[in-house]
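The primary structure of each chain is shown beneath.
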Amino acid sequence: MPRDRFDQLMTASLVAVVIFVGILLAGGEAGKDHHQSSALDRQLEREMLYQARMAFIERNYDPVMILRDSGALQEALLKLTELARTLPDDAHNDLLSGDILLRMSQFDRALAKLATAVRRNADYVDAASPLNQRPLIESAVAQGLPLVRDRLRSQPDNRTMAQILKDGYYLQSRLAGGCE
Amino acid sequence: MSFSLQDRHFWVVLVAGLSLGILGVFLAVWGNPQNSGICVSCFIENSSGALGLHDNERMQYLRPELIGFVLGSIVCAGVFREFRSRGGSAPLARLVSGIFLIVGSAVFIGCPIKLFLRLTAGDLTAVAGVFGLVAGVWIGLQGLARGIDLGRSEEERGATGLLIPAGFVLLFVFLLARPAFIIFSERGSAAQHAPLMVSLVIGLLLGALAQRSRFCITGSVRDSLLMGSRSPLFWGFLAFFLGALGTSLVTGRFSFGLYGQPGAHLEHLWSFLGMLLVGWLSVLIGGCPFRQLIKAGEGDADAGLAVVGMLLGGGLVQSWDIAATAAGVSITGKISVLAGLAFVLVVSLFSRDRTV
Amino acid sequence: MKSLILTVLLLGVLLSGCDQTPAGQPIRIGYMNCNSEAETRQRFRPLTAYLEQQLGRPCEAVPVDTQELESRFAAGEFTFTHGNSLLYIILRENHGLQLIATEKRGQFGSRTAGAIIVRRDSPIQTLQDLKGKRMVFGPQLAPTGYLAQYDLMLQAGFDPERELEYYAIPHGAYKHEKVIYGVYFGDYDAAAAPILDLEMMIREGRVSADDFRVLAQSEIIPYCTFGAAQGVDAELVEKFRKALLDLTPETTVKIDGQTLKVLDAAWIDGFETLLDQDYDPIRTMAKRVNMPPYQEF
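Residues numbered from 1 in each chain as written. Chains lettered and ligands numbered in written order. Predicted model: local features only at pLDDT ≥ 70, side-chain atom pairs only at ≥ 80, totals over all residues. Heavy atoms only, no water.

Caption draft 1: Molecular detail of the state of the cysteines. Residues and elements named next belong to chain B. Scanning the entire structure with this criterion turns up zero disulfides over all chains. In this structure Cys-111 is a free cysteine whose sulfur lies 4.4 Å from that of Cys-39, the closest cysteine sulfur available. Owing to a relative accessible area of 2%, Cys-111 belongs among the buried residues under this scheme. We note that Cys-216 lacks a disulfide partner, and the nearest cysteine sulfur, in Cys-288, lies 3.6 Å from it. For Cys-216, a relative accessible area of 4% puts it in the buried group. (Disulfide = S-S within 2.5 Å. Buried < 20%, exposed > 50% of the residue type's maximum accessible area, 1.4 Å probe, protein only.)

Caption draft 2: Here's a closer look at the nonpolar core. In this structure, Val-40, Leu-62, Phe-69, Ile-113, Phe-240, Phe-290 and Leu-293 of chain B are the most contacted members of the largest nonpolar core, which totals 96 residues. Ranked by residues supplied to this core, first place goes to helix 11 (residues 268-285) of chain B with eleven residues. If we ignore the near neighbours within four places in the chain, the residues touching Leu-293 of chain B are Val-40, Leu-66, Phe-69, Val-70, Phe-168, Val-307 and Met-310 of chain B. Counting 74 residues, the second-largest nonpolar core is a separate cluster that includes Ala-49, Ile-90, Leu-245 and Met-291 of chain C. (Core = buried A, V, L, I, M, F, W, Y, C linked by side-chain atoms within 4.5 Å. Helix = DSSP H or I, 4+ residues; strand = E, 2+ residues; numbered from the N terminus. Contact = heavy atoms within 4.5 Å.)

Caption draft 3: Geometry of the packing of helix 4 (residues 73-86) of chain A against helix 8 (residues 195-203) of chain C. One can describe the packing of helix 4 of chain A onto helix 8 of chain C by two numbers: an axis separation of 8 Å at closest approach and a directional angle of 30°. By the angle between their axes, helix 4 of chain A is roughly parallel relative to helix 8 of chain C. Of the two elements, helix 4 of chain A crosses helix 8 of chain C, and the hand of that crossing is right-handed. Residue-level inspection shows Gln-74, Leu-78, Thr-81, Glu-82 and Arg-85 of chain A of helix 4 of chain A in contact with helix 8 of chain C, the latter providing Ile-195, Leu-198, Glu-199, Ile-202 and Arg-203 of chain C. (Axes fitted to C-alpha atoms, helices over the stretch in contact; angles between N-to-C directions. Parallel < 35°, antiparallel > 145°, perpendicular 65-115°, else oblique. Left-handed = near helix turned anticlockwise from the far one by under 90°.)

Caption draft 4: Up close: the interface of chain A and chain B. Counting residues at the interface gives 22 residues for chain A, matched by 29 residues for chain B. Summing the contributions of chain A and of chain B, the shared interface buries around 2200 Å²; its carbon and sulfur component is 53%. Area buried by chain A at its contact with chain B is led by Arg-46, Cys-179 and Glu-180 of chain A, which between them contribute 33% of it. The interface formed by chain A and chain B holds three salt bridges in total. Arg-187 of chain B is the salt-bridge partner of Asp-123 of chain A, the closest N and O atoms lying 3.9 Å from each other. Among the secondary structure elements, those contributing two or more residues to the side of chain A that touches chain B are helix 3 (34-69) and helix 8 (159-176) of chain A. (Buried area = accessible area lost by both parts, 1.4 Å probe. Salt bridge = Lys/Arg side-chain N within 4 Å of Asp/Glu carboxyl O.)

Caption draft 5: View of helix 7 (residues 175-184) of chain C. Along helix 7 of chain C, the positions that sit buried rather than exposed are His-176, Glu-177, Val-179, Ile-180, Gly-182 and Val-183 of chain C. Considering only its buried residues, helix 7 of chain C is in contact with strand 6 (114-119), strand 7 (134-136), helix 5 (143-155), strand 9 (190-194), helix 8 and strand 10 (212-217) of chain C.

Caption draft 6: Representation of the sheet that holds strand 4 (residues 98-104) of chain C within the structure. All names here are of chain C. The six strands lie next to each other as 2-1-3-12-4-15, forming an open sheet whose pairing is mixed. Looking at the sheet topology across the chains shown, the edges are occupied by strand 2 (59-64) and strand 15 (270-272). Sheet twist, expressed as the average angle between the axes of neighbouring strands with direction ignored, equals 25°. Where strand 3 (residues 80-83) and strand 12 (residues 225-228) come together, four bridges link them in antiparallel fashion. Directly across from Gly-83, in strand 12, lies its bridge partner Thr-225. Each of strand 1 (27-32), strand 2, strand 3, strand 4, strand 12 and strand 15 touches helix 2 (residues 37-55); the most contacted strand, strand 2, lies at about 155° to it. Running at roughly 180° to strand 4, helix 4 (residues 85-95) makes contact with strand 1, strand 3, strand 4 and strand 12 of the sheet. (Pairing = 2+ DSSP bridges.)

Caption draft 7: Spotlight on the packing of aromatic side chains. Residues and elements named next belong to chain C. This structure, assessed with the given rule, holds 30 aromatic pairs over all chains. Their ring planes at 80° and their centres at 6.1 Å tell us that Tyr-31 and Phe-226 sit as a pair that is edge-to-face. In this pair, Tyr-31 is assigned in strand 1 and Phe-226 in strand 12, connecting sequence segments 195 residues apart. Residue class for Tyr-31 comes out buried when judged on its relative accessible area of 1%. Ring geometry for Phe-137 against Tyr-167: centres 4.9 Å apart, planes inclined by 65°, an arrangement best described as edge-to-face. With Phe-137 in the loop between strand 7 and helix 5 and Tyr-167 in strand 8 (residues 166-168), the pair connects residues that are 30 residues apart, well separated along the chain. Given the relative accessible area of 0%, Phe-137 is considered buried. Residue placement shows Lys-287 over the ring face of Tyr-294; its charged tip is 4.8 Å from the ring centre. (Phe/Tyr/Trp six-rings, centres within 6.5 Å; stacked < 30°, edge-to-face > 60°. Lys NZ or Arg CZ within 6 Å of the ring centre and 35° of its normal.)

Caption draft 8: Representation of the sheet that holds strand 10 of chain C in the model. Residues and elements named next belong to chain C. On the basis of which strands lie adjacent, the open sheet formed by five strands has the order 8-7-9-6-10 and mixed pairing. Every interior strand has two partners, whereas the edge strands, strand 8 and strand 10, have only one. If you compare each strand with its neighbour and ignore which way they point, the axes differ by 30° on average. Bridge analysis of strand 7 against strand 8 gives three bridges, and the strand direction is parallel.

Caption draft 9: Broad picture of the environment of Asp-187 of chain C. Residue and element names in this part refer to chain C. Within the secondary structure layout, Asp-187 lies in the loop between helix 7 and strand 9. Of the residues examined, Asp-187 reaches a relative accessible area of 46% and is grouped as partly exposed. Spatially, the C-alpha atoms of Asp-187 and Pro-143 are 23 Å apart, while their sequence positions differ by 44 residues. For Asp-187, the residues in contact, after removing those within four places along its chain, are Arg-134 and Gly-182.

Caption draft 10: Main features of the pairing of strand 4 of chain C. All names here are of chain C. Most of strand 4 sits out of view: six of its seven residues are buried. As paired elements, strand 4 and strand 12 share four bridges and run antiparallel to each other. The partner of Ala-101 across the bridge, within strand 12, is Phe-226. Direction of pairing for strand 4 relative to strand 15: antiparallel, over a ladder of three bridges.

Caption draft 11: Inspection of unusual backbone geometry at higher detail. With an omega of 5°, the peptide bond between Pro-292 of chain C and Pro-293 of chain C qualifies as cis. Residue placement: Pro-293 of chain C occurs in the segment after helix 11 (280-289). Unusually for a residue other than glycine, Ala-90 of chain B sits at a positive phi of about 45°. Given a relative accessible area of 24%, Ala-90 of chain B falls into the partly exposed group. One non-glycine residue with positive phi stands out, namely Tyr-174 of chain C, at about 55°. Positionally, Tyr-174 of chain C belongs in the loop between strand 8 and helix 7. Judged by relative accessible area, which is 31%, Tyr-174 of chain C ranks as partly exposed.

Caption draft 12: Representation of the packing of helix 6 (residues 126-145) of chain B against helix 11 of chain B within the structure. All names here are of chain B. Running from N to C, helix 6 and helix 11 cross one another at 35°; their axes reach a closest spacing of 6 Å. The way helix 6 lies across helix 11 gives a crossing that is right-handed. Listed contacts from helix 11 to Ala-128, Gly-129, Phe-131, Gly-132, Leu-133, Ala-135, Gly-136, Val-137, Ile-139, Gly-140, Leu-141 and Leu-144 of helix 6 are His-268, Ser-271, Phe-272, Met-275, Leu-276, Val-278, Gly-279, Trp-280 and Val-283.

Caption draft 13: Structural context of the confidence of the model for chain C. Mean pLDDT for chain C: 93, with 96% of residues reaching 70 or above. Reported confidences for the modelled complex are a pTM of 0.90 and an ipTM of 0.88. (pLDDT = per-residue confidence, 0-100.)

Caption draft 14: Quick look at the interface of chain A and chain C. Listed per partner, the contact involves 20 residues of chain A and 32 residues of chain C. Taken together, both faces of the contact between chain A and chain C bury some 2100 Å²; the carbon and sulfur share is 47%. Of all residues in chain A, Glu-75, Leu-78 and Arg-159 of chain A bury the most surface against chain C, accounting for 25% of the area lost on that side. For the interface between chain A and chain C, the tally reads four salt bridges. For Lys-79 of chain A, the salt bridge is made with Asp-210 of chain C, and the minimal N-O distance between the two is 2.9 Å. Our count for the contact surface shared by chain A and chain C stands at 19 residue pairs in polar contact (both at pLDDT 80 or more). The element that contributes the greatest number of residues to the side of chain A that touches chain C is helix 4 of chain A, accounting for eight residues. (Polar contact = N/O pair within 3.5 Å; in protein donor to acceptor, adjacent residues only side chain to side chain.)

This is the structure in structure tokens:
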């Protein structure tokens, strides 16, 4: 409780400051502030970037998907090799490679590629994302993991297979969810 | 200290533990990430992201549970006249400890509550973390017994103990008003959450229960090591464990195994070391991350600084690639855990009362 | 005391100038020439230097023409060999070569395939359309440059000897690339192209993926392989294998004052241990096509 003039002065100042904040918030100052609008824009910009990435993927990888869907799997892989020149280390390249390798029954290579894709872009295992590829990845894990385990049982010293097994477990873990 | 079944405090502790376990699983059923119904470190990372302290688009959400814990503690402390503004015990060390609590948790991928939620969901990768946590608590106790002490907190004049509660009231306002500068992920684990009011109400309830009961995971481990079953916290922990286990089984969330567990990696050494760091620090500063939030709500400014450190840590572990993922622990994560252990060793050396 | 110090110093100076190369009888490694002798030397010199360090014995890289590898191996010239997977089978079946490790390179890792390709604008759509057409193959002992494609055609009921107008095998070095360019420039209607060479040329931008169509592709089979002669000390073989498997993209070796990345220089992504039975598809192809080591006259 205010005891002397100084206390009263400080209390009155506090009240004035609070009222001033209230006026700023309620008085529409937010709309006139370019800092506020840039903060609003940030969310919009993020969404636009995401949409732009989706369009970019469609534009660049469409030829690959046409080849893949027509059954020209090797040509699709070669096209991905070519795209890697201009778009190096792109997660979608790894994802499509994994998809095509899976169709060619190269389960070990498919698991490795899909794991790389998911490490680069977790949207592939996000059910809420337009880039969701959970069915593909689930299929790769379901088909590939038992084969990799069998191979390791007959060849325990195969380090490549041991790494691919880790990749498979990683995909399994990402499919199960968690905080990432 | 012993207790009797007539002791009301014993029942409060039991109810707090049981509620934490059951609701911890149900929050995941209702929308929080799998095995992360309650994870203070994950929630801190999400909230740091929402506040703009890191730019991981998949980890930005102002978790209502966190706000509920602190507000629940404030209200309960207020009602039972236990709110006391206090502080002044090695403030900077506690701030840095808060950072390293999150580092250790992020490398394990979970706070001590999530550690046991993972274990009760059948995740065997949590076993290494359990050993680490127990080892860390044990080492901390050895230090306390040999005179390591950060100093007592004192009653503080002024409103310093109100600052963190006021901060969380502000976060509550932000949560409801959703100003543009608070970021909410639309993808990723931060986009997975229980309904806002459900999370908030559960947070308030657990915050109040935890304040009243003084329940804390590392405190339970500590008391169990010191007093065994004579400690109410031992029974509270058991209620938490069994509540979580039972709920996991009943809701079909139990999946036993080492592989394919959500939000888990296979680098057991670093799970052990991460939780060892958390356990040790928790003993040193008087509570796990959850307990720090509760104490901050009671007016403990030292715990408040730990909470600030935790928020900073939440930003750092994402920005500096310290946080582990299912792919494993990064080199920066490993170095950070070791830096944390070096920190706690230095603090222990310099804050030891050698007359003990 | 003074003279002792002087002696030690002198010895130090003398020894510091000494060659650090391990001593002993050099281990000769026969490297099959893939494209040319010069390229083979360049690719495998750093790898050989690395092996020398790991084995603690001098190693000599010997480039060998594909056609000569068997006879020179049989003559006991090499302790270890590096050659294609068909050569591995020939040396194993005829001379007891031990499998050490298989090279990883390209999309399929330690495996690869052979394809029959045409230009994108070619009217040829199926293998049967090759009737009366001109085709170019790679060298006969190339599993994915000749064997796999020949086998593909036989399996499709197409006899290259009778149904093609003619087929050719380029002379000289870089045969696989000549095969691909042969189709690209229209000298031939179709080519037996190793998928890996096609991949490399596309990766380097020398041709485009859009330039070709794949008419057919073989089964995916093991790629180039390191082997050890029968009777080589088991410990040495194991050390050699471990040295190969321990290679990472960051492993370097110093040659002529230059630090070189071993795998990068060799154009290899790594090594994998396969089982001998993984090579059975090549055995099956060789039997069907009547190729060594199963040829019957």
